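So you can see what is in the structure, the chains are spelled out below.
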Amino acid sequence: MKLAFIGLGAMGFPMARHLAKEHEVVVWNRTREKAERHAREHGSTLAGDLAECASAAAIITILPTSKEVDEIVDQLLPHLKAGTLWIDATSGDPNASRLTAHRLAEKGVVFVDAPVTGAVVGAENATLTIMMGGTAEHVARAKEILRVNGKTLIHVGDAGAGHAIKVLTNTIMGATVWITSECMLLAKQLGIDIKTALEVTNAGSGRSNASENLLPMRLRDHQWPLVFKLAHHDKDIRIAASLAHQQHASTPMLALTQQLFSGALHQLGEGADYIEVAKIVAKMNGTTWE
Ligand code: NDP
């Protein structure tokens, strides 16, 4: 099948690589050199221009936010043909994606939101979990394509539902990283070695991805690599907070998490990794992770 893949960032680059093993994949990226490298190294085809993507049977986008996706939709709309499937793997805003689905439907293009979880390593190893929103028929089409990228593909509900659950699950992760950091650093202040505190936590009911993997990895390697931009994580939690507001939901923990992450982003800057919020927790307590 001819696919167009738009957005060769940390996630998109390896995802498009796996797709190119089974399909004819045309790649487009804002910074053209990345698309050239992809075509050179992974057997994809460089799109001459963005409009060329419209000739594919399915278009896959994975961009920072729904705003950039809509800018691409604006540019491609005049060229799109009925029957095309648009899969948006961005962690987007469900309200925006439902509007996008309507706009595309006017051209006979069907939309499935299919955000992913599992980090860059999951994209590299094709072990992502992919949560999908759309009709059963359209999601089945999208699953047939994305099965090479993930182990677990779940139809969540109508268009936008995938984006909704994605930001909620990322909010849980953010809150967990923060509370685990607070408690591990408090353990240190109480004279307990952090590694021992993590060992106990992981043998008990406080364990999570933060305590089992994310924090121990950084303590072991003394490195805080950029794997998922804090700016993206903050965006997800802000979308979750806006959904809660829209539903008149009582979500004080979510609201607090949003406030903490936005504050951390101001302090750490756009270039920070999401786990670096743990450094802010240390700073707030006059201590360090060393
Ligand atoms: P990156 O910042 O690594 O890549 C972003 C991509 O979007 C790049 O290809 C970039 O192009 C392109 N882009 C940015 N702005 C524009 C624009 N205005 N017009 C066109 N293209 C643009 O992001 P990630 O791959 O990390 O994340 C992408 C999405 O996936 C986000 O929604 C994120 O929340 C989500 N996600 C990320 C995970 C991770 O661990 N990294 C895990 C799960 C989901 P260029 O190369 O020119 O900069």
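For the structure itself, look to the data block above.
Sequence order as written defines the numbering, with residues in each chain counted from 1. Since the coordinates come from a predicted model, pLDDT governs what is reported: local features require at least 70, and pairs of side-chain atoms require 80 or more to be given and counted, while whole-chain, interface and lining totals use all residues. Water and hydrogen atoms play no part in the side-chain values, which are based on all heavy atoms of the structure.

Points about the overall build of the protein chain
Thinking step 1. Secondary structure elements are defined from DSSP: runs of H or I of at least 4 residues count as helices, runs of E of at least 2 residues count as strands, and each element is numbered from the N terminus. The number of helices and strands found in the protein chain is twelve helices and nine strands.
Thinking step 2. With C-alpha atoms as the basis for the radius of gyration, the globule rule is written as 2.2 Å multiplied by the number of residues raised to the power 0.38. Relative to a compact globule of 290 residues, whose C-alpha radius of gyration would be 19 Å, the protein chain shows 20 Å and is just as compact.
Thinking step 3. For the C-alpha atoms alone, the extent of the protein chain along its principal axes is close to 65 × 45 × 30 Å.
Thinking step 4. By the burial criterion, 51% of the 290 residues in the protein chain qualify as buried.
Thinking step 5. Any two residues whose heavy atoms approach within 4.5 Å at even a single point are treated as in contact. Taking the intrachain contacts of the protein chain between residues at least 6 apart in sequence as the baseline, contacts between residues at least 24 apart amount to 64%. Burial status follows relative accessibility: with a 1.4 Å probe on protein chains alone, a residue under 20% of its type maximum counts as buried, one over 50% as exposed, and anything between as partly exposed.

Some thoughts on the pattern of salt bridges
Thinking step 1. When a carboxyl oxygen of Asp or Glu is within 4 Å of a side-chain nitrogen of Lys or Arg, the pair counts as a salt bridge. Enumeration according to the criterion identifies 13 salt bridges in this entry.
Thinking step 2. Salt-bridge contacts for Arg218 lead to Asp273; the nearest nitrogen and oxygen are separated by 3.5 Å. Separated by 55 residues along the polypeptide, Arg218 in helix 9 (residues 209-221) and Asp273 in the loop between helix 11 (252-268) and helix 12 (277-284) bring together distant segments of the chain. No difference in accessibility class separates Arg218 from Asp273, as the two residues are buried.
Thinking step 3. Here the salt bridges share partners, and the residues they tie into one network are Glu22, Glu144 and Arg147.

Looking at a nonpolar patch on the surface
Thinking step 1. Each patch is built from residues that are more than 30% exposed by relative accessible area and take part in no salt bridge. Like charges join if they lie within 9 Å; nonpolar side chains (Val, Leu, Ile, Met, Phe, Trp, Tyr) join within 5 Å. Each accessible area is a Shrake-Rupley result for a 1.4 Å probe, and residues are judged covered by the shown protein chains and nothing else. Together, Ile154, Val156, Ile165 and Leu168 line one region of the surface with nonpolar side chains, adding up to about 290 Å² of accessible area.
Thinking step 2. Counting only elements with at least two residues in the nonpolar patch, the list comes to strand 9 (150-157) and helix 7 (161-189).
Thinking step 3. Here Val156 shows up in strand 9.

Brief notes about the environment of His138
Thinking step 1. Topologically, His138 is positioned in helix 6 (residues 136-146).
Thinking step 2. Exposure remark for His138: the relative accessible area of 16% places this residue in the buried category.
Thinking step 3. With 101 residues separating them in the primary sequence, His138 and Ile239 have C-alpha atoms 25 Å apart.
Thinking step 4. In contact with His138, not counting residues within four places along its chain, are Leu85, Val110 and Val112.

Notes on the pairing of strand 5 (residues 85-88)
Thinking step 1. With burial as the criterion, each face of strand 5 is covered, one bearing Leu85 and Ile87 and the other bearing Trp86 and Asp88.
Thinking step 2. We call two strands paired when DSSP finds no fewer than two bridges between them. Bridge count between strand 4 (residues 58-61) and strand 5: four bridges; the pairing is parallel. Bridge pairing in strand 5 places Ala58 opposite Leu85.
Thinking step 3. Here strand 5 runs beside strand 6 (residues 110-113); their pairing, made up of four bridges, is parallel.

Regarding the nonpolar core
Soluble globular proteins tend to bury their nonpolar side chains together.
Thinking step 1. Nonpolar core, defined: a set of buried Ala, Val, Leu, Ile, Met, Phe, Trp, Tyr and Cys residues in which side-chain atoms within 4.5 Å join the residues together. Among the nonpolar cores identified, the biggest contains 33 residues, and Phe5, Met132, Ile145 and Leu146 are the most heavily contacted of them.
Thinking step 2. Examining the composition of this core, we find that five residues originate from one element, helix 1 (residues 12-20), more than from any other.
Thinking step 3. Core analysis: the second largest hydrophobic core is formed by 29 residues, Leu198, Leu230, Ala272 and Val277 among them.

Observations regarding unusual backbone geometry
Thinking step 1. With phi around 65 degrees, Ala119 is a residue other than glycine that occupies positive phi space.
Thinking step 2. Within the element layout of this structure, Ala119 appears in helix 5 (residues 119-125).
Thinking step 3. The backbone of Ala126 shows a phi angle near 60 degrees, a positive value even though the residue is not glycine.
Thinking step 4. Note on placement: Ala126 falls in the loop between helix 5 and strand 8 (128-133).

Purely geometric numbers; function is a separate question.
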